[in-house]
Structure formats: structure tokens, C-alpha cells
Amino acid sequence: MKCLSTSVLLTWSHAAKGTTCVVRVVGNKSLKKSGSFICSSDSEIIGYALDTLYNVISNDLEEEEQEENLTKVDDLGSQFTEIFIKQHENVTLLLTLVEEFDFHVRWPGVKLLTSLLKQQGPQVQQIILVSPMGVSRLMDLLADSREVIRNDGVLLLQQLTKSNAAIQKIVAFENAFERLLDIITEEGNSDGGIVVEDCLLLLQNLLKNNNSNQNFFKEGSYIQRMKPWFEVGDDNCGWSAQKVTNLHLMLQLVRVLVSPTNPPGATSSCQKAMFHCGLLQQLCTILMATGVPADILTETINTVSEVIRGCQMNQDYFASVNAPSNPPRPAIVVLLMSMVNERQPFVLRCAVLYCFQCFLYKNQKGQGEIVSTLLPSTIDATGNSVSAGQLLCGGLFSTDSLSNWCAAVALAHALQENATLKEQLLRVQLATSIGNPPVSLLQQCTNILSQGDKIDRRGSKVQTRVGLLMLLCTWLSNCSIAVTHFLHNPANIPFLTGQIAENLGEEEQLVQGLCALLLGISIYYNDNSLENYRKEKLKQLIEKRIGRENFIEKLGFISKHELYSRAAQKPQPGFSSPEHMMFDHEFTKLVKELEGVISKAIYKSSEEDKKEEEVKKTLEQHDNIVTQYKKVIREQDQELEELKQRITTLMSQNEQLQATVTQQVSQIQQHKDQYNLLKVQLGKDIQHHNSHGDTFQMNGIQTEEVSKLKEELEEWKNKHELLQGQIREKDFLIEKLKSSQLEIGTTELSSQNSRSGGLEHNNELQKELEMLRSQLQLQSAEINQLLIENQKLQVMNTTADPVLGDSGAIVTHSSELEGQLEQQIKELKSEVKALSEEKESLKQHLDSSSSTVAILQDEKIKLQQEVAESKKEQDDLLVLLADQDQKLSALKIKLKDLGVPVEDEDDIESGDQGDEDEDVEEEEQE
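Parameters at a glance
Residues numbered from 1 in each chain as written. Predicted model: local features only at pLDDT ≥ 70, side-chain atom pairs only at ≥ 80, totals over all residues. Heavy atoms only, no water. Helix = DSSP H or I, 4+ residues; strand = E, 2+ residues; numbered from the N terminus. Buried < 20%, exposed > 50% of the residue type's maximum accessible area, 1.4 Å probe, protein only. Areas by Shrake-Rupley, 256 points an atom, 1.4 Å probe, with all protein chains shown as cover. 1 Å grid on protein atoms, 1.4 Å probe; cavity = no way out; pocket = protein on both sides within 12 Å on 5 of 7 lines; lining within 4 Å. Points joined across faces, edges and corners; volume = space filled by probe spheres on them. Nonpolar A, V, L, I, M, F, W, Y, C, P; charged D, E, K, R; others polar. Phe/Tyr/Trp six-rings, centres within 6.5 Å; stacked < 30°, edge-to-face > 60°. Lys NZ or Arg CZ within 6 Å of the ring centre and 35° of its normal.

## Describing the overall build of the protein
Working step 1: Each helix and strand counted, the protein has 40 helices and 4 strands in total.
Working step 2: Across the 926 residues of the protein, 41% fall into the buried class.
Working step 3: Element-wise, carbon and sulfur atoms account for 52% of the exposed surface of the protein, whose accessible area totals about 51000 Å².

Here you go:
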């Protein structure tokens, strides 16, 4: 049975492969019947069955057959797929088979499912979406170690994620970004093969127009992993076609993340991430590298444009990029040189224009730098370097119509929504020829415009005039001074009315519409400073020479033009040929804003104009008052912020001081604990000493008696020493007497009386000596008696307690204990003295801290009073503002009743507030 079924399937497979008419599908239950007929454990037969179904459904034919039978094959494949997916169990079973690890089952299952998605994508996507873990099963294909299955799994996911946001989110949260980026890295990034291309296409499916996945991609730090894709070497010659394709897709993937159609917040966060990870710097390196293919260079310029669009930080960095030339030139100057060079490819020139527009978008700093290169004070007199302003002027007045248009649009973007620069540009003077006085840039533009077809130009005849008219309309809009300068030339108004009044062909209708717009701007923004060109006189001129209805009809030619509709769709100039370059995206916004306003202004009478002027003046006065109040409120807000900051700093200082006090209190407590511990230890030592005294009492010897005996002993010792000294003096005297007696015996005695006197003196001395000797003997006896008593006491002490020893040992031990106690007492006294001194210093510091805290609290109370007073003043100002707003609303209602268009201040302020919020968000993320 197995061999038979295998051969049948092989026959079917080969029969179905390469033919379109011999196969008939057996009903809706073909796969079910095959499953019951063939053992599901036989992977070989299952593989042949899946191959057969794939060959039946697939349209992969040879090129020649596909060209011949393309429609028929598509129809058959779609019909077979529809029959197959009618039973949802077929797709569910196929998902189960795709889970099998066996190569002979998994690979044909992947191919069959891919073919089903190609034929009936939305239906198969819905079946897989409702199937339990359907998408998760297919995600396992990316982790297959067999490259064939992994690569076909990428193709399957491409088809699965097309135009289905729900499946795109599931695939993204199944770690698809990590796996795909790993595959791209393994394959060699831009040097990889077609597998890299497939992965990039799948990434585009997941990210394009899917804000959730874009945010997940950014938050997962996957933007940082894109930087190695754009690392190019010095030698960029000989790139393979596959590398060019891969790099092109990589650049497109970057543009998907920063597309102007994305939410502004998401685009801004991606732009910042690209700057911080070095991706923008890497793109600028490619931009300034040599040998890069033209299409890659063009796409890189477009990518850099959208990375810097509206992001001040990126725009500032781009302004600092220099080309590797000698001397170095700014990248903007190098790009503008390509834009005004007619030899460069058309798509490259469009890309440079888009880059310049994105650099100036919401970038007043960049606009000022461009305009400053045209002003007389900043022009390089040496002529060694070419500035951006000089290049724009050169392109504006060249003989190439495309350069005229690009330069005019670029200069218009330098003036976009910047009234200050519009006024400064009026100072620009141009030297037309040698010997002639210089003329202003505004005058030169109107001169070229009035010459029309007289100048021989390359390209479209209308393109130059359209570009100049767009520049003039942008320049004069919302700038009364520029309108006055324009009207000061007496040839301008007759030229405009003449152009509008003529009946010209379709090509000239666009010029007529722009002339009508310029004339309407001259009326609407006219401050009536020139008597001959007041609003009323210009309206009368239109009524006489053109007619109001005719004027409005010509004005409507602009918005009805097909090229206007194309330009209004997206910011990037997307033109198929140079002849189609007529309108700029930002200019279409200006036309939409002014068309209705100008139409109403044309039909207003002089009285209405006067009323409008009065209302405008009143509104201006009220606006000035409101502006003053806002200024006062801002100043008060700043003062409040400063006071709050001071309060915060004082509170922090207070907390620090309180922490210091707490720390010092804890240190005092520690010292007290140490002092108490020493007192306890000293008490224990005293108790130990007293225990020794109790031991003496228990042995029958009182410490008082011992001290008395010591005193008596000392006294007797002193007496003994005194007697010994007296004895020595007597002995010395006796010896002296004996020597003198010998001297008397040897000499002659003078007389008998002298002899008898000496004998009497000698007898007295002998008596005194005997008395001293007897006293000495008595004292010696007393000393001996005391010594005997002492010996008895020692014997008694020894017999009573061997531990105590003799009285000398007792005295020695007692003296040692007394010395130790005295030393410890001295140390404790010194420590107590030091602790008391430290305590006094801490008390003083605590008192000073308390006084500081009191001072801070007083300041805090004063600041709170000031805050309350400022809040009261602010409330009063808000009441005044409310009154002013009521008056303004009443005046606006009157103006609306009169038919005067009045812009709501809330709308304007909401737009300004949105810009301010975006700036605040940028400063916080930096």
C-alpha cells in the first residue's frame, strides 16, 4: 500500500509540476482523505503529498510559460487555494505539519503555506490569526539550524505580515527583531547575500506604518544595532549589485522610522536615538565619501534629510559637517553646488533640495545663517570661499530653468514663517553689471519675472516664473514692509494686472493664478503707507481691468492644477521629470491658507475696510495689552519659580542642619553611654578592692591597726636614725677630744691650774658620753622589742592566712592597688572633663543651629507671604484678562457679522504651544 500511494503521489506531483490543465482537485476534503489514506507517521509520503499540493497551487513556472499563461495560471492557483482553505482544518493541519522537525515534512509545508499566502493572503492570514499559537509556531522557523528552512521561513513571514497590523505586532513581540538582526549580522550586513535582502524586506513590513512596532524597535535599542550596516571603507569602487540593493533597503528602513508621516513624538525620539548612537554621523560619512554609487548617494541624502527634519540637535550637527576638501567646505555648500549644477542627475538634485528644505524646517537658527551669507556685512570680500547665499543667487539668475526653480524654492524655505528674515533680505543688493548701480534682490526678481520669455533658457519656459512667483508670494506674505517695497516699484502692479487679464493657453494659466495670488497678497497685507497703492485703489484697479469674478477664477487655477495636488501629498519632491517640478509642498499650505482670505478681501467695500482697520487697530491694542499682561505674568511666574527654588534650597539646608543636629545628639548619647560604662566599671573595681578589705577583717587584722603599726614603725625608724646621727656626732667629738688630749700630753704644761681645768672638762665629757650610751642602749632595746612584736605579727599573719604573706607584702599590695585606683581615677576624671567640654561645644553648636532654623523659618514665612501677594496680583491680572477677552470676543463677533475673517487666537496659541511642548520634550530627553 505504501509503495502504491507513494508512486501515485509522485505521479501527481510530476504531473502537476509544469502544467496548468491536467490536474483536478478532488473536492474540499482532499487533504483529509489523503491523511486517512496515508499513515501520518510516514514522513516521506507526507512530504510527497505536500509537494503535490504545492505544485498544484503554486504559479512558479518557467519564464517562457509564465509569460504565455500568466493570467490563466494566476486564476487556477487562486481557485485551487480557495478550494483548499474553505476547510479551515486544512490550514490548521498544515500548521501542525510545519511544526515537525523532519526536513522532508517541514520544508514542503513551509513552501505550501507561503504559496497559499501569495494566492489568498488576507483569508489565510485570518485563519492563522485565529488558530491557537498559529503565528508563534511559524516564528520557530527563524531558529531552525537548517538554512534552507530558515530562509524560506523568512519568505513565509514576509507574506504573512503584509498589510496586517495585528500579525505584525504578534511577530514583533515574538522577538522577531532580535532574530532578524542576528541573521543580518551573521550574513555579513550589507555585504551579505539575498538572505539579508529578505530579512530587510520583512523588517520593513513589520515597521512601516506601525507605530507600536516602531516604538518597540526604538525601546529595544535596536536602532543602535543598525550603525554597523553603514560602515564603508575608503575604497568604494566595484560594489556588487546585491550590496547596492541591501544598502538601499537599509536606508529605506531608517527612513521608515523617521518618516514625516509618523507621529511627531515617535519621529523625534527616533531622530535623537540615531544621533546619540552615531548613526547620523555614519550616514554623513557616506554622504561625503567618494566612489559611492549615484543611487545610494541619492538615497543617503534623502535619509539624512528625514533624520534631521525638525530636530534642532541633528540640524545643528549637520550644519557642522565639512566635506573632506582643501580647504574644507560645509556639507550644505557642497550639496547646493550639486543642486544648481545642471550636469548632475535630476533625482540627485531633487534629493539635495529636499535635504536643504529639511535642514531649514522649524530651524530659525539655520534660516538666519543662510540669509546672513547674503547680507553685505557677512559677504567674503576676498572671494576665496563660496557661501550658500551666493550659490542660491547664482542658481536663481542662471539660464537653467530647473536651477532657477530649485534656488527660488530653497530661498523661500529660508524665509518660511520668519518675518524678521523677510525684512533683512530686503537689504540684499546685487551688482548686475559693471558701471550700473546695484539693485535689490526683490527688484532683480521682479525684473526677471517681467522679462518672461525674452531670456533664452534651458528647460521649461514656465518653470522659472513659477519659482520666482512662489518666492515672492512667500516673501511678501505676512510682511507689510516687503509689500511696501514691492509696491514702490511702479512697474510691478501693471505687470501683474496685465498677466492676469490676458487670455493665454493652459501652460500660462498657472502663471496667471500665481500672479493673482501675489496681487491679492499685496492687497491683504497692505498697510496703506503708499497713497497711490492703497487697498481701495488696488481693488478698483482689479474691478476695472480684470473683474472680480475673473480674478477669483484665475486665483482658483492654482488649487485645481494636477501638479498642485501631487505636491500637497508629501514633503519630499517626487517628480518623474523636470517639467513636472512646479509646486512645493510648503507653498501648497500657503495657498490653502490665503486663497479664501484673499477672495473675501477683494469683495470688501471701503467702509468695511475702514471698519476692519479700526477693528484691527483695536485688536492690536488689545493684543498689546494682553501681551503686556502676559509678560507681567511670565515675570511673576519666573519670580515665583525663583522663590520656590529659594524655598527648596532653604528647606534642603534646614534638613541638612537637622541631620547634623541629630548626628551630634547621637554622638552625645554615645559619649554618655561610654561614660556610664566607665562608671560601672569603676564601681566594680571599687567593689573588688572592698572585697580585699573584707578579707583582711575576716582574718582578724584590721586595716586601721596595720596603718597605725606602720605609722609607729616609721616614727621609731625616724627616732632611731636621729639617735644614730647624735651618736655619730658624739663619737666624732670624742675622737677630737682624744686627739687634743694627746697633743696636750706631749707639750709642756704651763701651769697646774690649766691641768686641773682640763681634767674637769674631760670628766664632764665622759659623763655626757655615758649618758648618751645609756640612752642609746634603751632605744636599741625598744627597737628590738618592736622588731620582736613585728616578727610576732608576721608569724600570726602567716599562720592565719598564707595568701596575705607578711605585713610588708600586705603594705606593698595595698600600695599597688592604691596606685592603680588613683591612676584610673585620674584617667576617668580627664575623660569626664573632655566629655563635658565636648558636651558644652555641642550645646553651643545646637544653639547656633536652632537660631539658624528659626531664621530660616522666618524667611520661609516671609516668602509664603510674598507668594500669596503675587498670587493675589496674578488673580487680579487674570480678572483683567477675562474682561479683555470678553471685549475681544465681542469685537470678533462684530467682525464676523461684518464678514471679516478673524483667526481664533486659541488655534494660533495651541500651535505655538505644541511647538513649545516639543522643544521642552527635546530638552528633557537630552
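## Some remarks on empty space enclosed by the protein
Working step 1: Per the stated rule, a full pass over the model turns up 6 cavities of 30 Å³ or more.
Working step 2: In this structure, the largest cavity occupies an estimated 80 Å³ of space.
Working step 3: Lining the largest cavity, in full, are Arg309, Tyr354, Gln357, Cys358, Tyr361, His413, Pro571, Asp584, His585 and Glu586.
Working step 4: Put simply, the parts of the chain that give the lining of the largest cavity at least two residues each are α21 (346–360) and α35 (585–602).
Working step 5: The dominant element in the lining of the largest cavity, judged by the number of residues it contributes, is α21, at 3 residues.
Working step 6: For the lining of the largest cavity, the class distribution of residues is 4 nonpolar, 3 polar and 3 charged.
Working step 7: Reported here for the second largest cavity is a volume of approximately 60 Å³.
Working step 8: Looking at the second largest cavity, the residues that line it are Val409, Ala412, His413, Gln416, Met470, Thr474, Asp584, Glu586, Phe587 and Leu590.
Working step 9: Contributing elements (two or more residues each) for the lining of the second largest cavity: α24 (401–414), α27 (461–476) and α35.

## Remarks on the packing of aromatic side chains
Working step 1: One pass over the structure, following the stated rule, counts 13 aromatic pairs.
Working step 2: An angle of 70° between the planes, with centres 5.9 Å apart, marks the rings of Phe275 and Tyr317 as edge-to-face. With a gap of 42 residues between them, Phe275 in helix α16 (residues 264–276) and Tyr317 in helix α19 (residues 312–320) connect regions that are remote in the sequence.
Working step 3: In this structure an aromatic cluster arises from ring pairing among Phe173, Phe177, Phe216, Phe217 and Tyr222.
Working step 4: Over the ring of Tyr54 we find Lys111, and its NZ or CZ is 5.2 Å from the ring centre.
Working step 5: Positioned above the aromatic ring of Trp239 is the side chain of Lys243, whose terminal nitrogen or guanidinium carbon lies 4.6 Å from the ring centre.

## What to know about helix α26 (residues 441–451)
Working step 1: Every buried residue belonging to α26 is among Leu441, Leu442, Gln444, Cys445, Thr446, Ile448 and Leu449, and all of these are buried.
Working step 2: Gly452 sits one or two residues past α26 and shows a positive phi near 60°.

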